[in-house]
Amino acid sequence: MPLAETWVYPTTQGLFCAPGNFHIDPLQGADRALITHGHSDHARAGHGHVLATAETIAIMKVRYGEACAGLFQTIRYGELIEINGVVVRYVPAGHILGSAQIVLEWGGTRIVASGDYKRAADPTCQPFEVVPCDVFITEATFALPVFRHGPVGSEVAKLLQSMTRDAGRTHLIGAYGLGKCQRVIKLVRETGYDKPIYLHGAHVGLTRLYQDLGIELGDIRPVSEAAATELQGALVLCPPSALGDRWSRRFGEAVCGFASGWMRVRGRARQRGVELPLVISDHADWPELIDTIVATDAADVWVTHGRDDALVYQLSQMGRRARALSLIGRDEDAE
Amino acid sequence: MHHFARLLDALSTHAGRGDKLALMLDYFRATPDPDRGWALAALTDGVPLQVPFRRVLSNLMAQRVDPVLYKLSRDYVGDTAETVALLWPENGGSGRPPSLSEIVQSLQTVNPRALEPTLAKLLDASDGTERWALLKFIGGALRVGVSQRMAKTALAQLGGRDVGEIEEVWHALKPPYVDLFRWLEGHNERPATEGVPVFRPLMLATPIEEQDWPGLAAGDFAAEWKWDGIRVQVAATPQGVRLFSRTGEDISATFPEIAGAFSGRNVTADGELLVLRDGNVQPFNDLQQRLNRKVVAPKLMTDYPAHVRLYDLLFVDGEDLRTLSFEQRRQRLEGWHATAAPRHTDLSQLILFSHFDALTALHIDARAAGIEGLMLKRRASPYLAGRPKGHWFKWKRTALTLDCVLMYAQRGSGKRSSLYSDYTFGVWREGADNQRELVPVGKAYSGFTDAELKQLDGFIRQNTVETFGPVRAVKPELVLEVAFDAVQKSARHKSGVAMRFPRIHRIRWDKPAAEADTLAAIVALI
């Protein structure tokens, strides 16, 4: 049985599978790219051939244009495809709509590249499935034991309470534009909130795509088309960077919130001047990371971006082989 | 505990002063005694608990979290109380934790060996926010952006009183301040302060304006130098000595030599706290080395010897002098000091003058170290709390100005968080080969109108060359005329100089950056 690191390893482009002659989430311009999900630090434009779920391909086309890759090939969850003798399968990762773990089997060894993932329920995407494997490649965005993200229900309740208490003020919530934004909208809708929800222009395209792909999000309107009076007391979602930008001045004395796993730490909320921190994360927290790795029963764990030091240390303490894979170009703050 | 945790949580996320005051006022209204008094203690002087906090916490964490992971977490979070609160095992948090007074009671009476299990039990009964608030309550250093003065202002609002009245009784009171709340809510007389060294609200000066001069007669005023230190009040009674800052904060522990010098006296006196060597006042920078320290090393006291230059006497041997005129108080001060003469003190000399023109000449020359300008005090004025008009004037020496070039801009906070409102500016320095480069000489965030702020913000956004987090580097094109009080040598700044009190005087949209001032011009002002 060939050692896993002899046939899957990092190159300057990203993670490379030698016998299959393809990259996973490469930086740019790869001949053949297997893409886990649509976030821009994983899915880039300019590859020759892209294999991804239909949702991920649709996201890439909205972001980069119809012709952002030479050729697109769609794969369904669970479907088996053979590439140069390597058997490839995509399994839900529970991160955002269309996100997948990529399962590779070759020479009797199974490697799972999980991309980004979470275990908490998310009404906008399919839940994570555990795949037992020999090597599990994991992210480590929130790999510190201080990150234990509570149930999102209480965070959404906090938002709605604030909107009742400060009913005259616009609630301006910073949320990452792909996945987080739509999840927050969906969670708010599930509580019965049926007023229009307003979006910063940057969030409109991908949110419309979610709706086209069958995620019910109710009455969504761009801020640019709303009258000033309409926005008083309304819920507005925007990119986190817009919170402190000139754009935000139009809302007067808005309540500024930020939906992110980072909000678990006060200093992070203070840095951003956030009055309403909402701990809503699309990444696994510390217990989820550990539980997931244990559940895959992988003898070998490779840690990509984030707090790899803490996770590698903890896994070694648990008697597992673990090492950090230094992949460049991953953006850990975009959460 | 639950309500206190909600208060602290809200205080930590609300930046505005008005919001913070409203939050505290609501809490003081809704919370019964003695809990609100313990909360007030936490917000001001600290809760009087003798808990070896660091040791207890590290023992508790060692039993629960791997030390390597604890250290990584602590480094990331940057605050011990918060790290522990986040790492503490979640036990469902079903039972509400006990009240603040129950917590104080149990920690004051606990056997030292039972301290760890007692604290563990409290943490077990709490949710994450409550754990954080509990540890802040016990450990002090809340870091929620509330000053003592702000907490006292909320109290003043509760009782419909002036914050000065709170200050006057504050140092005679102890947590949980039940008498204070009863007085503020009209159930009791004002708490007695006899014999206790308390802070008396200060009489402050107003800046003298051009239009003030015609109404003033030279014979009605006494003049003193305006010293560049910090305003203090020393209160000594047989019960003890306290040194207060201008806001009534007790800074006795920071300047033990001053407190010691007044031991056994019975006076309340105002003066300027300075660092003095061989009778010479040292730059403000030297005094800064002594400020904000809880523990003072003997070496620091020898290197930066503290001194109080006295200029007013409010009480002596229990007699209230505040209704007397300045002239009469001055005589009492001189008489008292001649015999008492505490170490580390002297009197602020009166400057003799017959005509304001003579003062003007002095004022123009007032550039000696430690002098900020002149004070004019009406001879007939009683000692009045606050900033009454027409009694005391400060006549700061004319500000210096230089033309500097805007180099960096940073986002403001609170209402200014969407605007670039903090400016770093520089002047030209001649390098080798006659190459000129800009070196930063100061930072300012005031002196402009709201409309000008918007214009500056627009300029910065259009002329950004690089962004570092909240800071933008801009094209060196805009000249700012900067006003400042003095220039000092500084090892901390690349240019080797630091401005004191810099503010934007004018925005020179018209002036080419190449015509801005040079470093040599600044150095010449030292």
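Only a predicted model underlies this, so the values are computations on that prediction, with no experimental measurement involved. Position numbers for residues count from 1 along each chain, tracking the sequence in the order it is written. Chain labels run from A onward and ligand labels from 1 onward, assigned in the order the entries are written. Confidence filtering applies because this is a predicted model: local features only for residues at pLDDT of at least 70, side-chain atom pairs given and counted only at 80 or more, and all residues used for totals across whole chains, interfaces and linings. Side-chain measures were taken over the full set of non-hydrogen atoms in the model, leaving aside hydrogen atoms and water.

A.B. asks: Help me understand the interface of chain A and chain B in this model?
C.D. replies: Interfaces are often sized by the amount of accessible area the parts lose when they come together. By definition, residues are in contact when any of their heavy atoms lie within 4.5 Å. Each partner contributes residues to the interface: chain A has 28 residues there, and chain B has 32 residues. Summed over both partners, the interface of chain A with chain B comes to about 2,400 Å²; 51% of that surface belongs to carbon and sulfur atoms. When the area that chain A buries against chain B is broken down by residue, the three leading residues are Arg148(A), Arg249(A) and Arg266(A), summing to 26%. By convention in these notes, a salt bridge is any Lys or Arg side-chain nitrogen within 4 Å of a carboxyl oxygen on Asp or Glu. Residue Arg148(A) is joined to Glu90(B) by a salt bridge in which the shortest nitrogen-to-oxygen separation is 3.9 Å. Polar contact is defined as a pair of N or O atoms within 3.5 Å, subject to the rule that within protein one atom must be able to donate a hydrogen and the other to accept it, and that residues adjacent in sequence are counted only when both atoms are side-chain atoms. Applying the counting criterion to the chain A and chain B interface returns twelve residue pairs in polar contact (both at pLDDT 80 or more). Put simply, DSSP marks the helices as runs of H or I at least four residues long and the strands as runs of E at least two long, and each gets a number from the N terminus on. Residue assignment for the side of chain A that touches chain B shows that the elements contributing at least two residues are α7 (266-271) and α9 (308-317) of chain A. The element that contributes the greatest number of residues to the side of chain A that touches chain B is α9(A), accounting for five residues. Across the side of chain A that touches chain B, the residue classes break down as eleven nonpolar, five polar and twelve charged. Buried area adds together the accessible area that both of two parts lose upon being put together, with accessible area traced by a 1.4 Å probe. Residue polarity follows a fixed list, in which Ala, Val, Leu, Ile, Met, Phe, Trp, Tyr, Cys and Pro are nonpolar, Asp, Glu, Lys and Arg are charged, and the others, Gly among them, are polar.

A.B. asks: What am I meant to see in the domain arrangement of chain B here?
C.D. replies: When its domains are assigned, chain B resolves into domain 1 (2-139), domain 2 (206-396) and domain 3 (400-523). Segment limits for the domains were obtained from an automatic or database-derived domain assignment. Centre-to-centre, using C-alpha coordinates, domain 1 of chain B lies 43 Å away from domain 3 of chain B.

A.B. asks: What's the story with the pairing of strand β4 (residues 240-244) of chain B in this structure? I'm lost.
C.D. replies: On a regular strand, each side chain points to the face opposite its neighbour's, so the side chains alternate between the two faces of the sheet. All names here are of chain B. Two strands form a pair only when DSSP identifies at least two bridges running between them. Note that strand β3 (residues 230-237) and β4 share five bridges and pair antiparallel. Bridge assignment links Thr 237 to a residue of β4, and that residue is Gly 240. Taken together, β3 and the strand that follows it, β4, pair antiparallel across an intervening segment of two residues.

A.B. asks: Looking at this model, I keep getting lost on helix α6 (residues 80-87) of chain B. Mind explaining?
C.D. replies: Owing to its 3.6 residues per turn, the α-helix brings residues three or four apart onto one side. Only protein chains enter the area calculation, which uses a 1.4 Å probe; residues under 20% of their type maximum are buried, those over 50% are exposed, and those in between are partly exposed. Most of α6(B) is tucked away, with seven of its eight residues classed as buried. Among all positions in α6(B), only Ala81(B), Glu82(B), Thr83(B), Val84(B), Ala85(B), Leu86(B) and Leu87(B) are buried. Close packing links the buried residues of α6(B) with α7 of chain A together with α4 (53-62), α5 (67-77) and α9 (128-139) of chain B. Near the N-terminus of α6(B), the side chain that reaches the backbone nitrogen of Ala81(B), with its oxygen 3.1 Å away, is that of Asp79(B).

A.B. asks: Help me understand the nonpolar core, please; the structure alone is not making it clear to me.
C.D. replies: Most often, soluble globular proteins have nonpolar side chains that are buried together. Among buried residues, the Ala, Val, Leu, Ile, Met, Phe, Trp, Tyr and Cys ones that are joined through side-chain atoms within 4.5 Å form a nonpolar core. Within the largest apolar cluster, 119 residues are counted, with the highest numbers of intra-cluster contacts made by Phe4(B), Met24(B), Phe28(B), Phe137(B) and Leu180(B). Those residues in contact with Met24(B) that lie beyond four places of it in its chain are Leu7(B), Leu11(B), Leu43(B), Val146(B), Met150(B), Ala151(B) and Ala154(B). One finds Ala58(A), Cys181(A), Leu237(A) and Ile280(A) within the second-largest nonpolar core, a separate group that totals 34 residues.

A.B. asks: Which parts of the structure should I look at to understand the packing of helix α3 (residues 35-43) of chain B against helix α7 (residues 100-109) of chain B?
C.D. replies: A pair of packed helices can be characterised by two numbers: the angle between their axes and the separation between those axes. Residues and elements named next belong to chain B. Fitting a line to C-alpha atoms yields each axis, with helices limited to the stretch in contact; the angle taken between N-to-C directions then spans 0 to 180 degrees. One can describe the packing of α3 onto α7 by two numbers: an axis separation of 7 Å at closest approach and a directional angle of 70 degrees. By the angle class used here, α3 and α7 are roughly perpendicular. Side by side, α3 and α7 meet where Asp 35, Trp 38 and Ala 39 of the first sit next to Leu 100, Ser 101, Val 104 and Gln 108 of the second. Of the residues contributing to the contact of α3 with α7, the split by class is four nonpolar, two polar and one charged. Any angle from 65 to 115 degrees is called roughly perpendicular, while one under 35 is roughly parallel, one over 145 is roughly antiparallel, and all others are oblique.

A.B. asks: How should the domain arrangement of chain A be read in this particular structure?
C.D. replies: Residue and element names in this part refer to chain A. Under the domain assignment, chain A is made up of domain 1 (4-146 + 283-324) and domain 2 (152-278). Between the C-alpha centres of domain 1 and domain 2 there is a distance of 29 Å. Residue-level contacts link 19 residues of domain 1 with 17 residues of domain 2. For the pair domain 1 and domain 2, the summed buried surface comes to about 1,500 Å²; carbon and sulfur atoms form 74% of the total. Where domain 1 touches domain 2, the interface holds one salt bridge. A salt bridge links Asp 122 to Arg 183, with the nearest nitrogen and oxygen atoms 3.8 Å apart.

A.B. asks: Explain the pattern of salt bridges to me, please; I cannot follow it from the model alone.
C.D. replies: Following the criterion strictly, the structure yields 54 salt bridges over all chains and no others. As a salt-bridge pair, Asp166(A) and Arg169(A) come within 3.4 Å of each other at their nearest N and O atoms. One salt bridge in this structure joins Arg379(B) and Glu327(B), with 2.9 Å as the shortest N-O distance. Of this pair, Arg379(B) sits in the loop between β11 (371-378) and β12 (392-396) while Glu327(B) sits in helix α16 (residues 326-340); the two residues are 52 residues apart in sequence, bridging distant segments of the chain.

A.B. asks: How do you make sense of the packing of helix α4 (residues 180-190) of chain A against helix α5 (residues 201-212) of chain A when you look at a structure like this?
C.D. replies: All names here are of chain A. Two elements in contact, α4 and α5, have axes separated by 10 Å at closest approach and are oriented at 60 degrees. Here α4 is positioned oblique relative to α5, judged by the angle of their axes. The two elements α4 and α5 cross, and the hand of that crossing is right-handed. Here Cys 181, Gln 182 and Ile 185 of α4 lie close against α5, whose contacting residues are His 203, Leu 206, Thr 207 and Tyr 210. The sense of a crossing depends on the near helix, which, turned anticlockwise from the far helix by less than a right angle, makes the crossing left-handed and, turned clockwise, makes it right-handed.

A.B. asks: How should the sheet that holds strand β10 (residues 350-351) of chain B be read in this particular structure?
C.D. replies: Strand pairing within a sheet occurs via backbone hydrogen bonds; the two strands may be parallel or antiparallel. All names here are of chain B. If you walk across this open sheet you meet the five strands as β1-β12-β11-β2-β10, and the pairing is mixed. Each of the sheet's edge strands pairs with one partner strand only, and the pair in question is β1 (206-207) and β10. Across seven bridges, the pairing between strand β2 (residues 221-227) and β11 is antiparallel. Across the sheet, Ala 222 pairs through a bridge with Lys 377, a residue of β11.

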